[in-house]
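The primary structure of each chain is shown beneath.
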Amino acid sequence: MLSVVVGGLRARWASFLGGFLALALGVGLLTATGLGLAAALDPPAHAPERFASSPVVVLGQDRLTVEVRRGPGTALVSRPLDRPQPVDTALLRELRARWTLTEHPAGTAAAPDAVGLDAPADRVRAVVGDRAQVLTGDDRRRADPGHARDGHELTGLNALLGTAGGVAAFVSVFVVASVFAFSVALRRREFGLLRTAGATPGQVRRLLLAEAAVLGVTASATGCALGALAAPPMARALVARGLAPEWFASAAGGSAAWPYHLGFWTGLCVALAGAAAAAHRAGRTGPTDALREADVDRDVLPPGRALLGAGLLLAGLGLLVWTYATEPQALLKRKTYTTLPMLLMGGAALLAPLLVRPVARLLPVPRRGAVGLLVRENGAAAVRRTAAVAAPVLVTVALAGTLFGASESVTLAKQTEARARTAAPYVVEGRTVELPEAVPAGAVVAASGPTSLFVRDGAEAVVKYGARAVADPAAFAALARLPVVAGDLRDLDDRSIVVNEEFEKRRVGEEVEVWRADGSGPVRLRVAAVLARGTGDNGPYVTRAQAPGAALDRLESDRPLPAAGPAAAAAPVNEAARTGLRLILVLVLLYTVIALASTLLMATSVRGGELASLRLAGATRAQALRAVTGEAVLAVAVGTVLGLGVTAAILGALGAGLAALSAPVALAVPWGPTGAAAGVCALVAVAATALPAWRLTR
């Protein structure tokens, strides 16, 4: 069996080249992203900077710990504070009485949030107790100013690498399964001859699975080597684009072994899974199939494939509707508009043989002339070939449309909402701003800054909210144009809060128990007004009395101020997320190029007899080439239409979710990325069809 398998692979290497490249690329990317994740999840030890010369550091509490209900009992939950609390003054006096302290103030706080000292750690812990944290060794780095920033960058990096790895796995399965399925369709006569020679259905299935195993082992091993080589330059590129901390460039590609195991065994399983359905269909090939010459495909949608495709499509649509009905806010999250389209794409791709004919009939193919007739009829008759080309195009266009469309739509909705949130014609923004000493007479100036609030969500959880602290409630109420659904902004004072519809307690006059950004509290604040939920940036709002240490970063005024510009109030564009989306689209395009080139090279290479018949019937060489390349373009167009259908479903659900949240429905249709993806697919399809057809018509 093995010699037959190796001989078959050697003889038909071109048919398996696309699957090999796709699998090796997928395993390489999984390995590289796995090495990156290993470095991010277990970062190397870093020498502390702020207290490098102090063996022991006393750091103020940097987490809020609250007791909540868990079943019949209670449990403690912790949430990170925006910044560590200042070390207690009494504790500082006790420490100074015993040891010499090293202080490096962070920011402008009067009391230090950390001090260093040279003393036995156990004696320091006995003095400190639970009033602060005692850090030694590499943990002293938690007192460095860049520690929190590294944490935020690593969170985004993990999301990017996880998304890229997930897309790689999804597209790898898709491409490998497509290549094997189309290869089986082209080898129908070969399997019929094997059956005529006495091969059993089980032997035919084992032959294909053995081919897949050999392909999977070699491609996975190659992919692991590629991943090891690609991890360091990938890490340097991420650091250069501001997507990872500087130390990540040297940490990725370390000695972790699990990324190699993950990549290799995933690649082997993908190869076997991709060949399983094709092997089952090949086993059902009868001896009479060796005599078939008809080019019209029959039985292109087995019941199992139809059931799975319909199930995925209905599951995707059902989850969209359910998410819209129960939690429309989730439609705005990247996790939702990244995963749900995969269900729709998988279902549409599996049902592509059923959808090809009606979509091809609807496309505006020229009806006059022999070439137009051949393109339309051959495209509709050779369903397997058309579906095999349309499926990867569908995935590429749908991913480009949904990822870029949803991301840009959410950003546009946030910007539109932010512009409508203020009536001030002049705005000053910065990391920190100060109220001008000379304010024009009669001017209304509203100053605010970012803070955080911790709020109980029922008795089982504590939720951290990003909030705004206003300096002058009266000026804030005069200039704000927030979507108030209950109450009045003018009632905001030092003992009240403006909440949104996401809060559990959201009736005007109710009291909400909150902890401040520094962990102090709890305090009970009366609900003064309730805002529509919107895109997630509508409140809560408190006064600066409930935001100790909060700096001002925004001034709004109805008169010109020094350094003031026109009110844009636009939400910042997440360039890191946009760069990640571009990287994912390039990855998917690379997979699609491999799939299209492999499929069309295989499909065109066996059409020598058909092209010769066309020439004998009077067609010129140019007409024959236009006919076959026209079929390839038609298949790309079918995939583009199906991909745009998936995009329309996702963006339609997103628009409905924005409307349900009382947010601006501002949808951005990504014609640029989808058009570029479809154009690249069309160029590759024409080239991969024209080259072998040119050779066959010589």
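The written sequence of each chain sets the order in which its residues are numbered from 1. The predicted origin of the model limits local features to residues at a pLDDT of at least 70 and limits the giving and counting of side-chain atom pairs to 80 or more, whereas totals for whole chains, interfaces and linings rest on all residues. To get the side-chain values, all heavy atoms of the structure are used, and hydrogens and water are removed first.

### Notes on a nonpolar patch on the surface
And step 1. A contiguous nonpolar surface patch, about 320 Å² in accessible area, is contributed by Leu 41, Trp 258 and Leu 262.
And step 2. Numbered from the N terminus, helices here are DSSP runs of H or I no shorter than four residues, and strands are runs of E no shorter than two. Among the structural elements, Leu 41 can be located in helix H2 (residues 13-41). Here the term patch refers to residues with relative accessible area over 30% and no salt bridge, with like charges joined within 9 Å and nonpolar side chains (Val, Leu, Ile, Met, Phe, Trp, Tyr) within 5 Å. For every accessible area listed, the method is Shrake-Rupley and the probe measures 1.4 Å; residues are considered covered only by the protein chains on display. Salt bridge criterion: a side-chain nitrogen from Lys or Arg within 4 Å of a carboxyl oxygen from Asp or Glu.

### Re the pairing of strand E13 (residues 523-531)
The two faces of a sheet get side chains in turn, since along a regular strand they alternate between them.
And step 1. Burial analysis of E13 places seven of its nine residues in the buried class, the great majority of the element.
And step 2. Strands are labelled as partners when DSSP assigns at least two bridges between them. By the bridge criterion, three bridges tie strand E10 (residues 484-487) to E13 in an arrangement that is antiparallel. Along E13, the bridge assignment pairs Val 484 with Leu 531.
And step 3. Two elements, strand E11 (residues 496-500) and E13, share five bridges in a ladder whose sense is parallel. Directly across from Asn 500, in E13, lies its bridge partner Leu 531.
And step 4. Inspection of the sheet shows strand E12 (residues 511-515) paired to E13 by four bridges, in the antiparallel sense. Pairing of Val 512 across the sheet is with Leu 525, part of E13. Categorising residues by exposure relies on relative accessible area from a 1.4 Å probe, with only protein chains included: less than 20% of the type maximum marks a residue as buried, more than 50% marks it as exposed, and the intermediate range marks it as partly exposed.

### Here's the deal with unusual backbone geometry
And step 1. We note that Ser 662 has phi near 60°; this positive angle belongs to a residue other than glycine.
And step 2. For Ser 662, the position within the fold is in the loop between helix H18 (621-660) and helix H19 (671-696).
And step 3. The class for Ser 662 is partly exposed, based on a relative accessible area of 46%.

### Description of the packing of helix H12 (residues 352-362) against helix H14 (residues 383-419)
And step 1. Throughout, an axis means a line fitted to C-alpha atoms (over the contacting stretch in the case of helices), and angles, computed between N-to-C directions, take values from 0 to 180 degrees. Close contact between H12 and H14 brings their axes to 9 Å; oriented N to C, the two are set at 100°. Considering their axes alone, H12 and H14 lie roughly perpendicular with respect to each other. Residues Ala 352, Pro 353, Val 356 and Arg 357 of H12 touch H14, and the partners they reach there are Val 383, Thr 386 and Ala 387.
And step 2. Residues are grouped as follows: Ala, Val, Leu, Ile, Met, Phe, Trp, Tyr, Cys and Pro are nonpolar; Asp, Glu, Lys and Arg are charged; every other residue, Gly included, is polar. When grouped by side-chain class, the residues that make up the contact of H12 with H14 number five nonpolar, one polar and one charged. Throughout this description, any angle smaller than 35 degrees is read as roughly parallel, any larger than 145 degrees as roughly antiparallel, any in the 65 to 115 degree range as roughly perpendicular, and the remainder as oblique. We call two residues contacting when some pair of their heavy atoms lies within 4.5 Å.

### Section: the sheet that holds strand E5 (residues 114-117)
Each strand in a sheet pairs with its neighbour through backbone hydrogen bonds, running either in the same direction (parallel) or in the opposite one (antiparallel).
And step 1. Strand order in the open sheet formed by four strands is E4-E5-E1-E6, with antiparallel pairing between adjacent strands. In this open sheet, the two edge strands, each paired with only one partner strand, are strand E4 (101-102) and strand E6 (133-136).
And step 2. As judged from the two bridges shared by E4 and E5, these two strands associate in the antiparallel manner. Along E5, the bridge assignment pairs Thr 102 with Gly 116.

### Looking at the environment of Ala 612
And step 1. Structurally, Ala 612 is set in helix H17 (residues 608-616).
And step 2. Placed 85 residues apart in sequence, Ala 612 and Thr 697 show a C-alpha to C-alpha distance of 7.1 Å.

### Side note on the environment of Leu 268
And step 1. With respect to the helices and strands, Leu 268 occurs in helix H9 (residues 258-283).
And step 2. Setting aside residues no more than four positions away along its own chain, Leu 268 makes contact with Ala 213, Gly 216, Val 217 and Ser 220.

### Regarding the packing of helix H11 (residues 334-350) against H12
And step 1. Two elements in contact, H11 and H12, have axes whose closest approach is 5 Å; the angle formed by their N-to-C orientations is 75°. Considered as vectors, H11 and H12 are oriented roughly perpendicular to each other. Contacts from Ala 348, Ala 349 and Leu 350 in H11 reach Ala 352, Pro 353 and Leu 355 in H12.
And step 2. Residue composition of the contact of H11 with H12, by class: six nonpolar, no polar and no charged.

### Looking at a negative patch on the surface
And step 1. Residues Glu 327, Asp 457, Glu 460, Glu 502 and Glu 504 make up a contiguous surface patch of negative charge.
And step 2. Of note, Glu 504 is situated in the loop between E11 and E12. For the purpose of charge, His is not counted, nor are the chain termini; Lys and Arg are scored as positive and Asp and Glu as negative. Every charge is mapped onto a representative atom, which is NZ of Lys, CZ of Arg, CG of Asp or CD of Glu.

### Details of H18
And step 1. Taking 1.5 Å per residue, 40 residues should reach 58 Å; H18 reaches 58 Å between its end C-alpha atoms and fits that length.
And step 2. Positive phi appears at Ser 662, one or two residues downstream of H18, with a value of about 60°. Here the expected span of a helix is defined as 1.5 Å times the quantity of residues minus one.

### Some points on the nonpolar core
And step 1. Val 167, Val 171, Met 345, Val 638 and Leu 654 are the most contacted members of the largest nonpolar core, which totals 65 residues.
And step 2. Taken together, the elements giving at least two residues each to this core come down to H2, helix H5 (146-186), H11, H12, H14, helix H16 (575-605) and H18.
And step 3. With 15 residues, the top contributor of residues to this core is H14.
And step 4. Contact partners of Val 638, with chain neighbours within four places excluded, come to Val 356, Val 359, Ala 360, Leu 363 and Ala 390.
And step 5. Membership of the second largest hydrophobic core comes to 17 residues, among which are Ala 469, Val 523, Val 527 and Ala 550. Definition of nonpolar core: a set of buried residues of the types Ala, Val, Leu, Ile, Met, Phe, Trp, Tyr and Cys, connected through side-chain atoms within 4.5 Å.

### Here we look at the pattern of salt bridges
Opposite charge on two side chains permits pairing when their charged atoms draw close.
And step 1. For the coordinates displayed, the defined rule picks out 16 salt bridges.
And step 2. Arg 554 is the salt-bridge partner of Glu 429, the closest N and O atoms lying 2.4 Å from each other. Here the residue Glu 429 occupies a position in strand E7 (residues 426-429), and Arg 554 occupies one in strand E15 (residues 554-557), the gap between them amounting to 125 residues.
And step 3. What makes Arg 554 buried here is its relative accessible area of 10%.
And step 4. Arg 526 is paired through a salt bridge with Asp 493; the nearest N and O atoms lie 3.5 Å apart. Here Arg 526 is found in strand E13, whereas its partner Asp 493 is found in the loop between E10 and E11, with 33 residues between them in sequence.
And step 5. Assessed through its relative accessible area of 30%, Arg 526 is described here as partly exposed.

### A word on helix H4 (residues 121-128)
And step 1. Within the span of H4, buried status applies to Val 124, Val 127 and Val 128. Buried residues of H4, viewed axially, fall in a sector of 95°; they line one side. Residues of H4 that are exposed and angled more than 90 degrees away from the buried face: Asp 122 and Ala 126.
And step 2. If you follow the buried residues of H4, they end up packed against strand E1 (56-59), helix H3 (89-98), E5 and E6.
And step 3. Two residues or fewer after H4 comes Gly 129, characterised by a positive phi angle close to 65°. By definition, the arc is the one covered by directions from the helix axis to the C-beta atoms.

### Concerning the confidence of the model for the protein
And step 1. Each residue carries a pLDDT score, the predictor's own confidence in it, on a scale running from 0 to 100. With 89% of its residues at a pLDDT of 70 or more, the protein has an overall mean of 82.
And step 2. At the low end of the mean pLDDT range in the protein sits strand E16 (residues 565-566), at 52; at the high end sits strand E14 (residues 541-543), at 95.
And step 3. Of the regions scoring below 50 in pLDDT, residues 567-572 engages in 15 contacts with residues more than four places distant in sequence or in other chains.

### Overview of the side chain of Thr 336
And step 1. Position of Thr 336 among the secondary structure elements: in helix H11.
And step 2. Judged by its relative accessible area of 13%, Thr 336 is buried.
And step 3. Whenever two N or O atoms come within 3.5 Å, that pair is a polar contact, provided that in protein one can donate a hydrogen and the other can accept it, and provided that, for residues adjacent in sequence, both atoms are side-chain atoms. Here the side chain of Thr 336 touches Ala 330 through a polar contact of 2.7 Å, landing on its backbone oxygen.
And step 4. Beyond its immediate chain neighbours, meaning those up to four positions away, Thr 336 contacts Ala 330, Leu 331 and Pro 341.

### Focus: the packing of aromatic side chains
And step 1. In this scheme Phe, Tyr and Trp rings, the latter by its six-membered ring, pair at centre separations within 6.5 Å, and the angle between planes marks the pair as stacked below 30 degrees, edge-to-face above 60, and tilted otherwise. The tally for this structure, following the rule as stated, stands at three aromatic pairs.
And step 2. Ring centres of Tyr 465 and Phe 503 lie 4.4 Å apart, and the angle between their planes is 20°; on these two criteria the pair is classed as stacked. Of the two residues, Tyr 465 sits in strand E9 (residues 461-470) while Phe 503 sits in the loop between E11 and E12, which places them 38 residues apart along the sequence.
And step 3. We classify Phe 503 as buried; its relative accessible area is 2%.
And step 4. Note on Phe 476 and Tyr 541: the rings are 5.1 Å apart at their centroids and 35° apart in plane angle, and the pair reads as tilted. With Phe 476 in helix H15 (residues 473-479) and Tyr 541 in strand E14, this pair connects stretches of sequence that are 65 residues apart. For the pair formed by Phe 476 and Tyr 541, the shared burial category is buried.
And step 5. Positioned above the aromatic ring of Trp 694 is the side chain of Arg 621, whose terminal nitrogen or guanidinium carbon lies 3.5 Å from the ring centre. Look at NZ for Lys and CZ for Arg. If either is within 6 Å of the ring centre and within 35 degrees of the ring normal, a charge sits over the ring.

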